[in-house]
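Geometric and topological summary
Now for the letters of each chain:
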Amino acid sequence: MSDFRKVADDVRNWGRWGADDELGTLNLITPGKVAEGASLVKQGKVFALGGDFSSAGPQGAFQFRQNPTHVMTVDGGDANTLAQYGPQWLRNSVAHEVSGFFVDNPFRFNDDMIVMPLQAATQWDALSHVYYEDKLYNGFPADSVTSFGAFHCGIDKVDGKGITSRGVLLDVVRHRGAEQFLEPGNPITPAELDDVAKAQGISITPGDIVVVHTGWWTRFLANGDGAEPGSGLDWRCASWLHDHQVAAVAADNLMVEDPDPANGVEGTFLPMHMLCLRDMGLMLGEYWDLGALAADCATDGVYEFQLIAPPLRVTGAVGSPVNPIAIK
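Let me sum up the structure you'll find in this document. Computed from a predicted structure; not experimentally measured.

Considering all chains together, one arrives at 18 salt bridges under this definition. As a salt-bridge pair, Asp10 and Lys6 come within 3.1 Å of each other at their nearest N and O atoms. Placement of the pair is Asp10 and Lys6 together in helix α1 (residues 2–11), with a separation of four residues, close to one helical turn. Accessibility expressed as a relative area gives 53% for Lys6, which makes it exposed. Where Asp208 meets Arg166, a salt bridge forms, and the shortest distance between an N and an O atom there is 2.6 Å. One end of the pair, Asp208, is in the loop between α7 (190–200) and β8 (209–213); the other, Arg166, is in strand β7 (residues 164–171), and 42 residues separate them in sequence.

This is the structure:
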């Protein structure tokens, strides 16, 4: 734990942007950085990096989160039934009120709803998602997150910022020559991130959003196994992210960091989450679909792009679905 404590002290950004700050490293995305990201659009190529929010999603392998449930609340069958029978047998009911839309006019509509964990598929982790020793990022008390939601560091505090910047893809799969994805047991080190960037001819600059391609999502699309492990970032990459003044980091795997406890910190679970979210104030993006973007970057040799990834403004939420867009 002594090494972990040293890293935590080194990367901690508490007070850097004021005692009341709840944005963390997103503060590194300046207006100039936003403009820089926009200037990278040369060809108008758009890559949607979000996965499907469906019953076949990756969360089906876990008990504490479930895949989304999509329910139709009004559909064509309702329209026909209510128009024919509603006024007679559904008096004084919601269905009777709805039937009024369908009687004696051509107007029809469908409506639906979705029930799901906010981190069911492609997502951002808010800074309030992870804490330790009763403190959130910037020293806010952990008990300020209650059954009513996160009073401090909720995802709603982020939305006004926008989350658009220069995005940089680091394709570790291609760099290692892996057939499809990074097999478990070989975490990505800070030195390897430097090697990948050098090989790609790309530099990481303050305010960038770094996107790491591990191939896990492509593997999941092929076999549907949301519980299959794969290699991710070694926990010491927190220092690398801090030293490069990265605004946020995302990956195509389920945790961004390497899940193997043998490569972690004894006595902790997901130490990089602890360092990034709680100490550094750096948000993590998980389950991003990077296959098509990685293939295009490998083809044209351009690994930078405008990245637009705003979360939903869910008041008090500790995470949010997102459909990130990369534009080249």
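Once you've had a look at it, read on.
In the sheet, β7 pairs with strand β11 (residues 304–308) via five bridges, with the strands oriented antiparallel. Along β11, the bridge assignment pairs Ser165 with Leu307. Pairing analysis gives three bridges linking β11 to strand β13 (residues 325–327), with the strands arranged antiparallel. Each residue of the ladder has a partner; that of Gln306, found in β13, is Ile327.

Criteria and cut-off values
- Residues numbered from 1 in each chain as written.
- Predicted model: local features only at pLDDT ≥ 70, side-chain atom pairs only at ≥ 80, totals over all residues.
- Heavy atoms only, no water.
- Salt bridge = Lys/Arg side-chain N within 4 Å of Asp/Glu carboxyl O.
- Helix = DSSP H or I, 4+ residues; strand = E, 2+ residues; numbered from the N terminus.
- Buried < 20%, exposed > 50% of the residue type's maximum accessible area, 1.4 Å probe, protein only.
- Pairing = 2+ DSSP bridges.

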